[in-house]
Amino acid sequence: MSEVMGLFDDQDDAPRTARRRRWPWLVAVLVVLLLIVAAFFAGEWVARDLVTKAVKQQLVSRLDLAADQQIDVDIADPSLLLDLALGQVGEVRISADDVTIGEFTGDVSVTLHDLGIRAPFTLGSGQATVSLDAEQLQPLLAEAAPVSIDGLTIAEPDVRASSQLSVFGVAVPVDVALTPSSADGQLVLTPVSLSVAGAEVTADGLRAQFGSVADPLLAGYRVCVAQYLPRGLTLSRVAVHGDRLSADFDIAGELLSDAGAREKGSCA
């Protein structure tokens, strides 16, 4: 009887022995898989860090930005390692505040599509937005102002400028509400309403009071924005959002590959 029981004990020990032998292998396989995943994510993080630093360096050097300019770079693609293998990043978003461009300063956000990361560097397309508050916009307008601007405020949907008209040596305060638009690379601000000493008047009423002296003020403002930017950027839309003026630009695919597209533009 004891011999029979011993036989059953041996049979029970066999599966347990097999399970004990399999368990270390399962642990080893799991550890290897975890290491592979960790290595992938570590590689992804390193790749993103290298690419974002390279983008920042190129922006600083190509656009003559200050070396300490704070620039945020976001790579929207889920797997940058795959992008690097293919040589093209699907979407890159870049933003920076208080960027000085030519004679004006503003907040800039850029989205680039199909960015080639191997020489010759290529770009599918892109969009950029430059946003300015009243303090940043005023010196830009002052250069092209038909009359001096004493004050400037931005409140959706218009820009409001305060000025003065001189009649027989007497300065009369005039406020003008201006609607922004774009035309031929220019920022255009068109008068839509006026007030003299706090009283609303029409354009004809202003001419009746001040004659030809009012003409420069009624002509509005036209600022050649293109002269400050690369030719590869085309002004497409201007609007007021809240207390800021936003200008949208289309970015040509040749901006990275064609030196001429990076030269300063001009207005038609």
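Structure: see above.
Below is a short write-up of the structure.

What counts and what doesn't
Residues numbered from 1 in each chain as written. Predicted model: local features only at pLDDT ≥ 70, side-chain atom pairs only at ≥ 80, totals over all residues. Heavy atoms only, no water. Pairing = 2+ DSSP bridges. Helix = DSSP H or I, 4+ residues; strand = E, 2+ residues; numbered from the N terminus. Axes fitted to C-alpha atoms, helices over the stretch in contact; angles between N-to-C directions. Contact = heavy atoms within 4.5 Å. Polar contact = N/O pair within 3.5 Å; in protein donor to acceptor, adjacent residues only side chain to side chain.

Overview of the sheet that holds strand 11 (residues 233-241)
(1) Moving on: Strand order across the open sheet formed by six strands is 1-2-3-4-12-11, with antiparallel pairing between neighbours. Only two strands of the sheet have a single neighbouring strand rather than two, namely strand 1 (72-75) and strand 11. When the angles between neighbouring strand axes are averaged without regard to direction, this sheet yields 15°.
(2) Moving on: Here strand 1 pairs with strand 2 (residues 88-101) via four bridges, running antiparallel.

Description of unusual backbone geometry
(1) Moving on: That bond from Glu-156 to Pro-157 is cis: its omega, 10°, falls within 30 degrees of zero.
(2) Moving on: Relative to the helices and strands, Pro-157 is located in the loop between strand 5 (151-155) and strand 6 (158-167).
(3) Moving on: Although it is not a glycine, Asp-184 adopts a positive phi angle of roughly 55°.
(4) Moving on: Positionally, Asp-184 belongs in the loop between strand 7 (170-183) and strand 8 (186-196).

Overview of the environment of Asp-158
(1) Moving on: Considering the arrangement of structural elements, one finds Asp-158 in strand 6.
(2) Moving on: Expressed as a C-alpha distance, the spacing of Asp-158 and His-241, which sit 83 residues apart in the sequence, is 9.1 Å.
(3) Moving on: With residues up to four places along the chain from it excluded, the contact list for Asp-158 reads Ala-177, Leu-178, Thr-179, Val-192 and Val-240.
(4) Moving on: A polar atom in the side chain of Asp-158 sits 2.9 Å from the side chain of Thr-179.

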